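Examining the three-dimensional arrangement
Next come the chains, spelled out residue by residue.
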Amino acid sequence: MRTLRALPTLWRIGVAETIAYRAEFIVWMLTTTIPLIMLALWTSVASEGPFQSYSSSDFVAYFLAVLIVRQLTSNWIAWQMFEDIRLGVLSMRLLRPIHPFWAYGISQAAALPFRSAIAVPVSLILLASSGAHAITTNALQIAMMIPSLALAWVISFGINFAIGSIGFWVTQAFAIGGVYFTLYTLLSGYLMPLAIMASKYPTLTKLTWATPFPSMLAIPVRLLTRNLATPEIARMLAIQAAWAAGSILIALAVWRRGLKHFEAVGG
Amino acid sequence: MIRARELTKHFKVHRRPPGFVSAMKSLVHRTYDTVKAVDGVSFTIERGERVGFLGPNGAGKTTTLKVLSGLLHPTSGEAQVEGHVPFRREADLLGKITLVMGQKSQLIWDLPPAETYALNRAVFDVPKDQFDATLEELTDLLELGPLLDKPTRQLSLGERMKCELAAALLHRPTTLFLDEPTIGLDVAMQVAIRDFVRSYNQRHDATVLLTSHYMDDVVALCPRIIVIDQGKLIHDGDLRGLIKQMDPDKRVSFTLVAPATDEEIAKLGTLMTREAQRVTLKVPERQIPEVVGHVLGTLKAADLAIEDPPLEDVLRVMFSKEKE
């Protein structure tokens, strides 16, 4: 109850921190380059005819959808946690009667609308104008985008929180964060649609679907860009919900074990 | 109440000599030492006590405070604060304690202190009227008025420390762990913080465990002191008792009016310092009346003061004895 009552203030403070540095804030809003590079690359591949089943405008729709989902679900809390643990700043968070899982989570969530304040509306307009035919027309699917994006965000946050907690054991854990981001890039559909990857590397793609990465990006993008039957929509959301629950449990377990190793350096 | 029973905290520390070869070797083989930061410390502090926690650098003071405030899991032994086991970090305990570290900030760096206060009010679930009353009281006592809406990063060290104290006390904790709360502050500010801590202790019957390298903080605030060295407790008792035990002689200081040689003065006691006409002697307590009579009568001193030896000196003697 105490945590619930604190939510609005935590949110407000998170927003205030996000916009404290105006220049940095504007740079954040504009840094969304990888999906745009991929968009240019894949549309040129498909310029003379569809590649696999993707036409040039399918790629436009896909990567604009990737941009939107990425903007709304990205997390960077692992990096902040590494720093907080390494420098002992975490001590001050631990003295507050609120689990850092909540405190970090709300500060991350509070930043999202601002970080995506430009990229998401622009992408949505572009998507509606140049990729309209490739967007789903299924009302249920469009409605399900909201829980799907929320679940993708929870999975991303949970995994980031678990990785950040590795900082309790490893002083310079940034490399682990780097490995995570590389895997995310390769296995989530960030660089290419997983359907294209499946045609070239079927086994790898099957394995990919056994990881949380598609739930963080490919599934919400699929919901936005493909017309799916209701059972398939339910299956996609169920996969996401399972990974969301799993990532929270893993995050809290790693945190609990790691906290015993916290050395609270400094002071 | 704070209770520690045979409390230990050991750290595994990686050691390697300087140089490129050692750096390369350490990639494949690392040598670790176990550092016993706290090594079997036991004490009990009752509600409302003000206790100084002293020791040389690396003695284990801050580590003990971190264990007691729940930041560190002890390696062995027991700790209890306000009836709770600290490392479990139950919300009820966190609402009753605070830890102020002179070299660590809980203020949000990029925002004014008022925002940290609002955050603390929310997470500590402090009722609005109580929060307003406490903040008003702290603002008056610590003269925070003009500081509340300045970004923390733009505050001076002294200003920041005052704001830190306020942030740490807004939820009216009843156990205060203060780790070097006056470090880097000017004398006037040190006095203000001391007065404030004493008054908070009296008004809220709060327990205070204080570490400080400024002995004036300890002398002014703490009737009882606990001394640790190399992780072990070496004294627990009242300040006067420690001074009497380690260095029972008094310091007699006076300013000469008539000339006198060092040999003449040294007949009265051990000459500690002499700067022009200002003299300090070390004199056994039982000889004080006789020495005072002589200084005022024969030497015609312009003034005279009798004091206990400085705590710094007492501790220096104590730590050197420990090393022997």
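Contacts between the two partners involve 29 residues from chain A and, on the opposite side, 31 residues from chain B. Taken together, the two surfaces of chain A and chain B that pack against each other cover about 2900 Å², and 61% of this comes from carbon and sulfur. Taken together, chain A and chain B are joined by 2 salt bridges. Across the pair glutamate 115 of chain B and arginine 12 of chain A runs a salt bridge, and its minimum N-O distance is 2.9 Å. Counting across the chain A and chain B interface gives 5 residue pairs in polar contact (both at pLDDT 80 or more). Those elements that provide at least two residues to the side of chain A that touches chain B are α1 (2-18) and α6 (90-94) of chain A.

Summarising the element assignment, serine 165 of chain A is placed in helix α9 (residues 139-165). The contact partners of serine 165 of chain A, leaving out residues within four places of it in the chain, are Met81, Ala251, Val254 and Trp255 of chain A.

All names here are of chain B. A cluster of nonpolar side chains, Phe20, Val21, Met24, Leu27 and Val28, forms an exposed patch at the surface whose accessible area comes to about 600 Å². Structurally, phenylalanine 20 is set in helix α1 (residues 20-28). On the basis of relative accessible area, phenylalanine 20 is assigned to the exposed category, the value being 64%.

Residues and elements named next belong to chain B. Considered for burial, the residues of helix α9 (residues 239-246) that qualify are Leu239, Leu242, Ile243 and Met246. Seen along its axis, α9 keeps its buried residues to an arc of 95°; they face one direction. Residues of α9 that are exposed and angled more than 90 degrees away from the buried face: Arg240 and Gln245.

Right, let's talk about empty space enclosed by the protein for a bit. By the definition in use, this model includes 3 cavities of 30 Å³ or more. Considered as a void within the structure, the largest cavity measures approximately 90 Å³ in volume. Looking at the largest cavity, it is lined by 13 residues, and the ones nearest its centre are Leu95 of chain A together with Thr98, Gln106, Phe124 and His171 of chain B. Contributing elements (two or more residues each) for the lining of the largest cavity: β5 (97-101) and α6 (157-169) of chain B. Taken together, the residues of the lining of the largest cavity sort by class into 8 nonpolar, 4 polar and 1 charged. Lining the second largest cavity are Arg240, Ile243, Lys244, Asp247, Pro248, Asp249, Lys250 and Asp308 of chain B. Take the lining of the second largest cavity: its biggest share by element is 3 residues, from α9 of chain B. Broken down by class, the residue content of the lining of the second largest cavity amounts to 2 nonpolar, no polar and 6 charged.

How each quantity is defined
Residues numbered from 1 in each chain as written. Chains lettered and ligands numbered in written order. Predicted model: local features only at pLDDT ≥ 70, side-chain atom pairs only at ≥ 80, totals over all residues. Heavy atoms only, no water. Contact = heavy atoms within 4.5 Å. Buried area = accessible area lost by both parts, 1.4 Å probe. Salt bridge = Lys/Arg side-chain N within 4 Å of Asp/Glu carboxyl O. Polar contact = N/O pair within 3.5 Å; in protein donor to acceptor, adjacent residues only side chain to side chain. Helix = DSSP H or I, 4+ residues; strand = E, 2+ residues; numbered from the N terminus. Patch = residues over 30% accessible without salt bridge, like charges linked within 9 Å, V, L, I, M, F, W, Y side chains within 5 Å. Areas by Shrake-Rupley, 256 points an atom, 1.4 Å probe, with all protein chains shown as cover. Buried < 20%, exposed > 50% of the residue type's maximum accessible area, 1.4 Å probe, protein only. Arc of directions from axis to C-beta. 1 Å grid on protein atoms, 1.4 Å probe; cavity = no way out; pocket = protein on both sides within 12 Å on 5 of 7 lines; lining within 4 Å. Points joined across faces, edges and corners; volume = space filled by probe spheres on them. Nonpolar A, V, L, I, M, F, W, Y, C, P; charged D, E, K, R; others polar.

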